[in-house]
Amino acid sequence: MFVSDCLNVNEKGHLTIGGADTVDIAEKYGTPVIVYDENQIRKNCRAFVNSINEYYDGKGRVLYASKAFSCLEMCRIANEENMGLDVVSGGEIYTALKAGFPAEKMYFHGNNKSLDEIKYALESGVGRIVIDNPEELQTISELAKTTGITANIYMRIKPGIDAHTHNFIRTGQIDSKFGFALETGEAMECVKLASKAENVNLIGLHCHIGSQIFDIAPFVHAGEVMMKFIADIKNETGIVIEELDLGGGFGIKYLESDKPVKFEDYMDPVSKAVKESAEKYGVPVPFILIEPGRSIAGAEAVTLYTVGAVKKIPDVRTYVSVDGGMTDNPRYILYQSSYTVLCANKADKPRDMTVTVAGKCCESGDLIQENTDIQTVEKGDILAVLSTGAYNYSMASNYNRVPRPAVLMVKDGKARTVINRETYEDMVKNDI
Ligand SMILES: *Cc1c(COP(=O)(O)O)cnc(C)c1O
């Protein structure tokens, strides 16, 4: 019935997450509120970590892509679960350091890192910097030289793969702001520059072919393409690439009809492809990294809202307005993302009403979902939007000076706050 194992319905007919009653949570903590199941997040982390052990004989590391949902507690959990961290900004590095996350297990991505961010990463001892363009190579080389260190770098490669996903989140093809293309020769050119650059050590390659991918084939193909490039690098320059980061992008369930592949089902064929390619090209099997974000946190949270106005427009549609919207979940307005919506206090009732769920912002496009079936709702009901754990809070804004919601985690049936609800005072704290 549900998109995640963490959800259920109790004897009162209320939706539960991690065994906690969402209606009680809404009453105690107010709405809107985002609620995660910590146990389920940890289960996902372990499934990935175990699959590295199983399919790469432990010679690899799982990085949590912190942009999916970053906060101190989430960084602590990733650390406790023996993961590394994919960071994309100074702010994500800062958050992780504050949480006590070891810098050497951070991998710094991004297509336009600022000088200050690169300095910060080098000074903090961030383990790997993934360069995206030749200018970055030069900047890192110069900065590393002045501080007398050697920076370990990766290069982000465009493997040229169409992963059949939404255009906005498709990043592997040539028309992308991310990385170096293979077919134009720019990637090999930069490898040669890196081999000559001082105080940098080109140790690995990285690719990330897209997001919310349900197919296995693009991942396998990416593994093969990257291994072929590793062989080309060895033949042309003699450099042996020791680490290969294959990115994230594993799809999750937003709708009942979504059919995600099990983690192991990706890892098995991809590991075979990598090992076979290594053998075929006579290069060592690299240390493998993968970077799940959405598949760690996405399906393990719900956002709870209180229903306000219900506007029935005869022969047109019914708008159900809630006390949040694009400010806490901009994914529908950005990519028309699908979500499952339920009435949390009537979760055992049939979904007999087709509605459009709207936010409270002054923007007609501020919708959470259109033409979705839910239980018959009225003002005061609690609405639950499922699978809001990734790219929701992390993409939240203060449009209309709406404070960001609180974020909770449930562990063994008990909820606790991990991010406080913003206050009106917070809305003006940087104003002068
Ligand atoms: C966004 C991103 C990820 C995580 O993607 P998911 O779809 O959330 O798994 C991993 N690596 C890089 C470089 C990314 O940009």
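Residues numbered from 1 in each chain as written. Predicted model: local features only at pLDDT ≥ 70, side-chain atom pairs only at ≥ 80, totals over all residues. Heavy atoms only, no water.

### Examining unusual backbone geometry
Leave glycine aside and you will find that most residues have negative phi; peptide bonds, for their part, are mostly trans. The omega torsion across Thr-31 and Pro-32 is -10°, close enough to zero to call that bond cis. Within the secondary structure, Pro-32 sits in the loop between α1 (22–29) and β4 (33–37). Even without being a glycine, Asp-57 presents a positive backbone phi close to 50°. At Asp-412, a position not held by glycine, the phi torsion is positive, near 45°. Tracing the sequence through the fold places Asp-412 in the loop between β20 (406–411) and β21 (414–419). (Helix = DSSP H or I, 4+ residues; strand = E, 2+ residues; numbered from the N terminus.)

### Points about the site of the ligand
In the vicinity of the ligand there are 14 residues, among which Lys-67, Ser-211, Glu-291, Arg-294 and Tyr-391 approach most closely. For the ligand, an oxygen atom lies 2.5 Å from a polar atom in the side chain of Tyr-391. Calculation on the ligand without its partners gives an accessible area of 390 Å², and the protein chains cover 93% of this total. Placement of the ligand is best described as lying within the largest pocket. (Near = heavy atom within 4 Å. Polar contact = N/O pair within 3.5 Å; in protein donor to acceptor, adjacent residues only side chain to side chain. Areas by Shrake-Rupley, 256 points an atom, 1.4 Å probe, with all protein chains shown as cover. 1 Å grid on protein atoms, 1.4 Å probe; cavity = no way out; pocket = protein on both sides within 12 Å on 5 of 7 lines; lining within 4 Å. Sits in = over half its atoms within 2 Å of the grid points.)

### Let's talk about the domain arrangement of the chain
Domain parsing of the chain yields domain 1 (7–37 + 298–428) and domain 2 (109–292). Each of domain 1 and domain 2 was reduced to a C-alpha centroid, and the two centroids are 36 Å apart. Across the interface of domain 1 and domain 2, roughly 790 Å² is buried in total on both sides, 58% from carbon and sulfur atoms. Contact with domain 2 buries area across many residues of domain 1, yet Tyr-335, Ser-338 and Ser-387 alone supply 49% of it, more than any other trio. Applying the counting criterion to the domain 1 and domain 2 interface returns two residue pairs in polar contact (both at pLDDT 80 or more). Considered class by class, the residues forming the side of domain 1 that touches domain 2 number four nonpolar, five polar and one charged. (Domains from an automatic or database assignment. Buried area = accessible area lost by both parts, 1.4 Å probe. Nonpolar A, V, L, I, M, F, W, Y, C, P; charged D, E, K, R; others polar.)

### Quick notes on empty space enclosed by the protein
Considering all chains together, one arrives at one cavity of 30 Å³ or more under this definition. Approximately 80 Å³ is the volume attributed to the largest cavity. Considering each element in turn, the lining of the largest cavity owes the most residues, three residues, to helix α9 (residues 263–281). Here the residues of the lining of the largest cavity sort into eight nonpolar, one polar and no charged. (Points joined across faces, edges and corners; volume = space filled by probe spheres on them.)

### Thoughts on the environment of Val-191
For Val-191, the position within the fold is in helix α7 (residues 186–196). Residue classification places Val-191 among the buried residues on the basis of a relative accessible area of 0%. Residues within four places of Val-191 in sequence aside, it is in contact with Met-155, Leu-202, Phe-229, Ile-233, Thr-237 and Ile-239. (Buried < 20%, exposed > 50% of the residue type's maximum accessible area, 1.4 Å probe, protein only. Contact = heavy atoms within 4.5 Å.)

### A closer look at the packing of aromatic side chains
Summed over all chains, the structure comprises nine aromatic pairs. Relative to Phe-250, the ring of Phe-219 lies with its centre 5.1 Å away and its plane at 20°, an arrangement referred to as stacked. Of this pair, Phe-219 sits in helix α8 (residues 217–237) while Phe-250 sits in the loop between β12 (243–245) and α9, and the two are 31 residues apart along the sequence. Residue classification places Phe-219 among the buried positions, given a relative accessible area of 6%. (Phe/Tyr/Trp six-rings, centres within 6.5 Å; stacked < 30°, edge-to-face > 60°.)

### A look at the nonpolar core
By size, the foremost hydrophobic cluster in this structure holds 91 residues, and its most contacted members are Tyr-64, Phe-69, Met-155 and Leu-205. A domain-level breakdown of this core finds at least three residues from each of domain 1 (7–37 + 298–428) and domain 2 (109–292). Apart from the residues lying within four places of it in its own chain, the contact partners of Met-155 are Val-130, Ile-131, Phe-180, Ala-187, Cys-190, Val-191, Leu-202, Gly-204, Leu-205 and His-206. Judged by nonpolar contacts, the second largest core, of 23 residues, contains Ala-20, Leu-342, Ile-382 and Leu-386. (Core = buried A, V, L, I, M, F, W, Y, C linked by side-chain atoms within 4.5 Å.)

### Topic: the pattern of salt bridges
Counted by the stated rule, this structure contains 21 salt bridges. The partner of Glu-370 in a salt bridge is Arg-317, and the shortest N-O contact between them spans 2.8 Å. Residue Glu-370 is located in strand β18 (residues 367–374), and its partner Arg-317 is located in strand β15 (residues 317–322); the two are separated by 53 residues in the primary sequence. Here Glu-370 falls in the partly exposed class, since its relative accessible area comes to 26%. Residues Glu-378 and Lys-346 are paired through a salt bridge, measuring 3.9 Å at the closest nitrogen-oxygen approach. Here the residue Glu-378 occupies a position in the loop between β18 and β19 (382–386), and Lys-346 occupies one in the loop between β16 (341–343) and β17 (353–358), the gap between them amounting to 32 residues. (Salt bridge = Lys/Arg side-chain N within 4 Å of Asp/Glu carboxyl O.)

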